Amino acid sequence: MKMIKTLVTSGLALGMLVNTLNAKEVNFEGKTIEWIMPYNAGGGTDQWGRFYAPLLSQALPGKPNIIIKNMPGGGSTKGANYFAEKATKDGLTIFASSASTQIPFVLGDDRIKYDFKDWYAVLSSPTGGVVYVSSSLGIKDINDIDKLKNAELKFGSQGPTSMDLIPLLAFNILDLNVQPVFGMKGRKEGRLAFLRGETNIDFQTSSAYLKEVLPAMAEEKSVPLFSWGILDDNGNIQRDPSFPELPTFAEVYEKIKGKSINDTSFKAWKALFTASFPSQKMLVLPKDVSPDVLETYTNALKKVVTAPDFKEKSDLHLGIYEQTIGENANKLKDTATSVDKKDREWITNWLMENYKVKF
């Protein structure tokens, strides 16, 4: 058996080496790359894409023009379905996937016409998220959360099977009386509804929170409660390095509920979190593009993230998170689009009971 394993491992290594040696750099000079963005302009994923687009354009051979095509709808499923049907195999069509693309897939949402097995991720960007409330509610920080128990809270949401499933379930677990206002086409619309005073509790991913919400905090319009946190190498939730002063949802849960985080509802929430945030935003291509195209994109993105000034630029836009490139990014994609059967059943039952979602 040891000999077989050695031969297999050697064969795989040799195959990878041959593929690498055979791969030829693709020149995109004079070409235009269409980046399908399944959200409105201004949201967290859109800001992430617009941060990367000019850097990727400069790093790809031939410096092609990269055009972001915003295609909101269906919590990102409209744009994802379009990409699955229309993406070309020459590397001139790429897609921005995020949690709102991944969650409907893992839940078996009947709107989806795409399969992540058909896509290859060349870039994976983890992110965090922060839950915050209106300062008009009269609280200063998470220690005042008891004051929210009797408050009427409104949350602008894209829908119960989008990325917003994570905050919706978290609010329910904390026994907060939150009424979702469905129909938002992205987290940007949710944020704008909050700033107009139409809602009073919101959540944003790190990029949008850093750029758009912190200025509102300076004007004393919002109060941060907690972050989702990040996963360490052992799968434990730790404080988000972008927001180390904020407790994680796990900390808040244990403090308020007085229960172990092994509780069924928390385990289901963590399954959704794991499927969404450690690989929250991904740049994907159709899996059947040539090895040359994949290698060219991978090398370009490695060039981007290893540039001397990348960290300085990325900290503001992405937070302090490590970017994953190439085969490792694709492995994270596989993890992000898989959920344990028992956890999926618990979540789908919860959705049917609370929001009449049919599967």
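Just so we're clear, the structure is a prediction, and the values are computed from it rather than from any experiment. For every chain, the first residue of its written sequence is number 1, and the numbers climb from 1 along that sequence. Local features in a predicted model are, by the rule used here, given only for residues with pLDDT of at least 70; side-chain atom pairs are given and counted only at 80 or more, and totals for whole chains, interfaces and linings are based on all residues. The side-chain numbers reported here are obtained from all heavy atoms of the structure, hydrogens and water having been left aside.

Peer 1: How would you summarise the overall build of the protein chain if you had to cite specific residues and measurements?
Peer 2: The helix count covers DSSP runs of H or I at least four residues long, the strand count covers runs of E at least two residues long, and both are numbered beginning at the N terminus. Within the protein chain, the secondary structure is distributed over 13 helices and 13 strands. Computation of the radius of gyration draws on C-alpha atoms alone. For the globule rule, the value is 2.2 Å times the number of residues to the power 0.38. What you see for the protein chain is a C-alpha radius of gyration of 21 Å, in line with the 21 Å of a compact globule of 359 residues. Accessible area is worked out with a 1.4 Å probe on protein chains only. A residue is then buried under 20% of its type maximum, exposed over 50%, and partly exposed in between. Expressed as a percentage of the 359 residues in the protein chain, the buried residues total 53%. Every residue pair with non-hydrogen atoms within 4.5 Å of one another is taken to be in contact. Taking as baseline every contact in the protein chain between residues at least 6 positions apart, the subset at least 24 positions apart corresponds to 77%. Accessibility throughout is a Shrake-Rupley quantity obtained with a 1.4 Å probe, and a residue counts as covered only by protein chains that appear here. When the accessible surface of the protein chain is totalled, it reaches about 16500 Å², and 51% of it is carbon and sulfur. Between the averaged position of the 43 positive side-chain charges in the protein chain and that of its 42 negative side-chain charges there is a distance of 3 Å. Charge convention: Lys and Arg are scored as positive, Asp and Glu as negative, and His as well as the terminal groups of each chain are ignored. By convention, the point assigned to a charge is CZ for Arg, NZ for Lys, CD for Glu and CG for Asp.

Peer 1: Give me the lowdown on the packing of helix 9 (residues 264-276) against helix 13 (residues 341-355), citing residues and values where you can.
Peer 2: For helices, the axis comes from a line fit to the C-alpha atoms of the stretch in contact; other axes are also lines fit to C-alpha atoms, and the angle between any two N-to-C directions lies between 0 and 180 degrees. It is the contact of helix 9 with helix 13, at a shortest axis distance of 9 Å, that shows an interaxial angle of 105°. Between helix 9 and helix 13, the interaxial angle falls into the category roughly perpendicular. Mapping the contact onto sequence places T264, S265, K267, A268, A271 and L272 in helix 9 and D343, W346 and I347 in helix 13. Three categories are distinguished: nonpolar for Ala, Val, Leu, Ile, Met, Phe, Trp, Tyr, Cys and Pro, charged for Asp, Glu, Lys and Arg, and polar for the others, with Gly belonging to the last. For the contact of helix 9 with helix 13, the per-class residue count stands at 5 nonpolar, 2 polar and 2 charged. The labels follow the angle: roughly parallel below 35 degrees, roughly antiparallel above 145, roughly perpendicular from 65 to 115, and oblique for the rest.

Peer 1: Let's hear about the sheet that holds strand 9 (residues 222-227): which residues, and what values?
Peer 2: Note on pairing: DSSP must find at least two bridges between two strands before they are called paired. Within the open sheet, the 3 strands sit side by side as 8-5-9. Their pairing is antiparallel. Each edge of the open sheet carries a strand with a single partner, namely strand 8 (201-205) and strand 9. Each neighbouring strand pair of the sheet contributes to a mean axis angle of 30°, computed without reference to strand direction. As defined by bridge partners, strand 5 (residues 129-134) adjoins strand 8 across 5 bridges and the pair is classed as antiparallel. Counterpart to V131 in the pairing with strand 8 is F203.

Peer 1: Describe the pairing of strand 7 (residues 178-182), listing the residues and the values that go with them.
Peer 2: A regular strand places its side chains on the two faces of the sheet in alternate fashion. Here 5 bridges tie strand 6 (residues 153-157) to strand 7, and the two strands are oriented parallel to one another. Bridged to L153 within strand 7 is V178. Handedness is read with the strands pointing away from the viewer; a crossover is right-handed when the path from the first strand over the helix to the second is clockwise. Running through helix 5 (residues 165-173), the crossover from strand 6 to the neighbouring parallel element strand 7 is right-handed.

Peer 1: Which residues make up the pairing of strand 2 (residues 65-70), and what are the values?
Peer 2: Note that strand 1 (residues 32-37) and strand 2 share 6 bridges and pair parallel. Within strand 2, the position partnered with I36 by the bridge is K69. Viewed along the sheet, the connection from strand 1 through helix 2 (residues 44-59) into strand 2 turns out right-handed.

Peer 1: Run through the environment of P38, naming residues and quoting values.
Peer 2: Secondary-structure assignment places P38 in the loop between strand 1 and helix 2. Sequence separation of P38 and G129 is 91 residues, and the distance between their C-alpha atoms is 19 Å. When sequence neighbours within four positions are dropped, the list of residues in contact with P38 reads M71, P72, G73, S76, G79, A80, F95 and A96.

Peer 1: Before we move on, can you summarise the sheet that holds strand 3 (residues 93-97) with the specific residues and values?
Peer 2: Taken together, 6 strands build an open sheet; the order of strands is 2-1-3-12-4-13 and the sheet is mixed. Strands with a single pairing partner mark the edges of an open sheet, and in this sheet they are strand 2 and strand 13 (324-325). Strand direction decides the pairing type here: strand 4 (residues 119-125) and strand 12 (residues 281-286), joined by 6 bridges, are antiparallel. Its bridge partner lying in strand 12, W119 is registered against P286. Against the sheet, helix 2 contacts strand 1, strand 2, strand 3, strand 4 and strand 12, and its axis sits at roughly 165° relative to strand 2. Along the sheet, helix 12 (residues 327-336) contacts strand 4, strand 12 and strand 13; its crossing angle with strand 4, the most-contacted strand, is approximately 100°.

Peer 1: A description of the side chain of T296 should follow, citing residues and the corresponding values.
Peer 2: When you line up the elements, T296 lands in helix 10 (residues 291-305). Apart from residues lying up to four places away in sequence, T296 is in contact with K24, E25, V26, F28, L60 and P61.

Peer 1: How would you explain the packing of aromatic side chains if you had to name every residue and give the values?
Peer 2: Aromatic rings from Phe, Tyr and Trp, taking only the six-membered ring of Trp, are treated as a pair when their centres fall within 6.5 Å; an angle between ring planes under 30 degrees marks them as stacked, one over 60 as edge-to-face, and anything in between as tilted. For the structure on display, the rule yields 33 aromatic pairs. Relative to F116, the ring of F105 lies with its centre 5.1 Å away and its plane at 70°, an arrangement referred to as edge-to-face. With a gap of 11 residues between them, F105 in helix 4 (residues 99-107) and F116 in the loop between helix 4 and strand 4 connect regions that are remote in the sequence. Across this residue pair, the class does not change: F105 and F116 are buried. For the pair F249 and F266, a centre-to-centre distance of 5.9 Å together with 15° between the ring planes defines the contact as stacked. A residue pair is termed long-range when its members are at least 10 positions apart, and F249 in helix 8 (residues 249-257) and F266 in helix 9 qualify at 17 residues. F249 sits in the buried class, given a relative accessible area of 0%. Chaining the aromatic ring pairs together yields one cluster made of F203, F226, W228, F249, Y253, F266, W269, F273 and F277.

Treat this as a map of the structure, not an account of what it does.
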